[in-house]
Amino acid sequence: MISARPVSLSILSAGYCVHPEFLTLRGGALRPVKFPAGYAVIRHPDLGPILFDTGYSVRFFQETASLPDSLYRHITPVVFEERDSALHRLREAGFDPADIRYVVLSHFHADHIGGVRDFPQAKFIYLQKSYDAVRSLGRIKALRAGFLPGLLPEDFLARSLPVTPESAQREFQHSLPFEKAFDLLGDGSLLAVEMSGHAAGMMGLFVSTAEHDYLLCADTVWSSRAFRENRRPHPVAGLIMDSRADYEMNFQRLRQIHMQYPELRIVPSHCREALAAWGTGGIR
Ligand SMILES: [Zn+2]
């Protein structure tokens, strides 16, 4: 087991966007394909359900109703049904939105933070660097960075528990291409690593259930095929990357982890294949 304490994990998605596959995977199809907005519900034995990202919510459509933010929707058309929202799924599983004590955010792109306002009691955990990268952007620059500030609640900062280089860390018991991990809850259950490149300060999360180890790698790659078949995105996709050099470093890390630990389940947020194989449809 990679983490020190098992949790239960549900891998889900809330909405999807559509764009040509070749942009995300060299040699991929020209036709538009679906990219689900993945998120996860981690059920911690003491702390209850914890979200890793949220996917889209209906608020995304409100925030992108008029120019210039409506450009976002024209560039990546989004399809969303309320019954797939994190809020709806949690309610369906018998949880009240106020039961959610923590929402972990991999990065601040709209398809990851779309539902955060639905959880009024949640504390937000993210790498400080990921919020610093978007917090003071003007409206147009924020839009170019895929960030819609209206998706965050007014008391976002007051409810934040940002992770800084000084935060508690833990050595891995396995040989992984990371020196240490941030121990988000202090009990070794959620081990976070920085996987910048797609976005500055993006977080990857190692979690283990009783049966399997997982790396929720957010947008380090858009699909499992990318690291398995060593296929990078089209150079044009580099335009929306924060750092091509960091992207390459973390791409290589995923390849190395996959080769060293083929049983470890690497879950990119937008990978249909990973969702089909390990997605749970509901919360367990
Ligand atoms: Zn992203």
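In what follows, the accompanying structure is described. Predicted model, so just to flag it, every value in this text is computed and none were measured.

1. With respect to the coordination of the zinc ion
- Every protein donor of the zinc ion is accounted for by His107 (NE2), His109 (ND1), His198 (NE2) and Asp219 (OD), and the metal-donor separations fall at 2.1 to 2.3 Å.
- If you look at the zinc ion, its 4 donor atoms make angles of 87 to 174° with each other, and the shape they trace is irregular.
- We classify His109 as buried; its relative accessible area is 15%.
- Accessibility expressed as a relative area gives 5% for His198, which makes it buried.

2. Thoughts on the sheet that holds strand E5 (residues 102–104)
- Strand order in the open sheet formed by 6 strands is E4-E1-E2-E3-E5-E6, and the pairing between neighbours is mixed. Either end of the sheet is taken by a strand with one partner, and the two such strands are strand E4 (78–79) and strand E6 (123–125).
- Alignment of strand E2 (residues 32–44) against strand E3 (residues 48–52), held across 5 bridges, turns out to be antiparallel. When the bridges of E3 are listed, His44 appears paired with Gly48.

3. A closer look at empty space enclosed by the protein
- Under the definition given, this model contains 1 cavity of 30 Å³ or more.
- The calculated volume of the largest cavity comes to roughly 100 Å³.
- In terms of lining residues, the largest cavity is bounded by 14 residues, among which Gly38, Tyr39, Val267, Pro268 and Ser269 are the most central.
- Elements supplying a minimum of two residues to the lining of the largest cavity: strand E1 (8–20), E2, strand E11 (213–218), strand E12 (265–268) and helix H9 (272–278).
- Among the elements that take part in the lining of the largest cavity, E2 stands out by supplying 3 residues, more than any other.
- When grouped by side-chain class, the residues that make up the lining of the largest cavity number 12 nonpolar, 2 polar and no charged.

4. Topic: the layout of surface pockets
- By volume, the largest pocket is sized at about 1,100 Å³.
- Listing elements by their share of the lining of the largest pocket, those giving two or more residues are E1, helix H2 (70–75), helix H5 (128–135) and helix H6 (139–144).
- Of the residues belonging to the lining of the largest pocket, the class tally is 22 nonpolar, 9 polar and 5 charged.
- If you go around the second largest pocket, you meet 20 residues; those closest to its centre are Leu127, Lys129, Phe182, Val193 and Glu194.
- Residue assignment for the lining of the second largest pocket shows that the elements contributing at least two residues are H5, strand E8 (180–183), strand E9 (191–194) and helix H8 (244–260).

5. Remarks on the nonpolar core
- Residues Leu51, Val103, Leu105, Phe108, Phe119, Phe172 and Phe206 are the most contacted members of the largest nonpolar core, which totals 63 residues.
- Looking at this core, the element that brings in the most residues is E2, giving 5 residues.
- Of all hydrophobic cores here, the second largest spans 25 residues; its members include Leu47, Leu205, Leu216 and Val267.

6. A closer look at a nonpolar patch on the surface
- A cluster of nonpolar side chains, Leu67, Leu71 and Ile75, forms an exposed patch at the surface whose accessible area comes to about 330 Å².
- Take Leu71: it is sitting in helix H2.

7. Description of the packing of aromatic side chains
- Going through the model one piece at a time under the given rule, you end up with 13 aromatic pairs.
- Seen from their ring centres, Phe108 and Phe147 are 6.3 Å apart, and the 85° between their planes marks the pair as edge-to-face. With Phe108 in the loop between E5 and helix H4 (110–113) and Phe147 in the loop between H6 and strand E7 (169–171), this pair connects stretches of sequence that are 39 residues apart. The same class applies to Phe108 and to Phe147, which are both buried.
- In textbook terms, an aromatic cluster arises when at least three aromatic residues are bridged by ring pairs, as seen for Phe108, Phe124, Tyr126, Tyr131, Phe147 and Phe156.

8. Considering the sheet that holds E12
- Here 6 strands make up an open sheet; going across it, the order is E7-E8-E9-E10-E11-E12 and the pairing mixed. In this open sheet, the two edge strands, each paired with only one partner strand, are E7 and E12. Within this sheet the neighbouring strands show an average axis-to-axis angle of 35°, counted without direction.
- As defined by bridge partners, E7 adjoins E8 across 3 bridges and the pair is classed as antiparallel. Across the sheet, residue Gln169 finds its bridge partner in E8, namely Phe182.

The rules we used
- Every chain begins its residue count from 1, and numbering advances along the sequence as written.
- Confidence filtering applies because this is a predicted model: local features only for residues at pLDDT of at least 70, side-chain atom pairs given and counted only at 80 or more, and all residues used for totals across whole chains, interfaces and linings.
- As a convention, hydrogens and water are excluded, and side-chain values are obtained from all of the structure's heavy atoms.
- Water is not among the atoms examined, so metal sites may look incomplete; donors are the N, O and S atoms within 2.8 Å of the metal, or within 3.2 Å for Na, K and Ca.
- In short, tetrahedral needs four donors with all angles between 85 and 135 degrees, square planar needs four and octahedral six donors with opposite donors over 155 degrees apart and all other angles between 65 and 115, and whatever is left is irregular.
- Throughout this description, buried means an accessible area under 20% of the type-specific maximum (1.4 Å probe, protein chains only), exposed means over 50%, and partly exposed covers the range between.
- At least two DSSP bridges between two strands are needed for those strands to be called paired.
- Under the scheme used here, helices are H or I runs from DSSP no shorter than 4 residues and strands are E runs no shorter than 2 residues, and both carry numbers assigned from the N terminus.
- Of the grid points, spaced at 1 Å and generated over the protein atoms alone, those admitting a 1.4 Å probe that cannot get out make up cavities, while open sets with protein on both sides within 12 Å along at least five of seven lines make up pockets; any residue with an atom within 4 Å of a point is treated as lining.
- Grid points are joined across faces, edges and corners, and a volume is the space filled by probe spheres set on the points.
- For this scheme, ten residues count as nonpolar: Ala, Val, Leu, Ile, Met, Phe, Trp, Tyr, Cys and Pro. Four count as charged, namely Asp, Glu, Lys and Arg, and the remainder, Gly too, count as polar.
- In these notes, a set of buried Ala, Val, Leu, Ile, Met, Phe, Trp, Tyr and Cys residues joined through side-chain atoms within 4.5 Å is what counts as a nonpolar core.
- Here, patches come from residues exposed beyond 30% relative accessible area and free of salt bridges, joined within 9 Å for like charges and within 5 Å for nonpolar side chains (Val, Leu, Ile, Met, Phe, Trp, Tyr).
- Throughout, the Shrake-Rupley method with a 1.4 Å probe supplies accessible areas, and for residues the shown protein chains are the sole cover considered.
- Salt bridge, as used here, is a side-chain nitrogen of Lys or Arg placed within 4 Å of a carboxyl oxygen of Asp or Glu.
- Pairing of aromatic rings covers Phe, Tyr and Trp, the last counted by its six-membered ring, and requires centre-to-centre distances within 6.5 Å; plane angles under 30 degrees mean stacked, over 60 mean edge-to-face, and any other angle means tilted.
- Every angle, taken between N-to-C directions, lies between 0 and 180 degrees, and every axis is a line fitted to C-alpha atoms, over only the stretch in contact when it is a helix.

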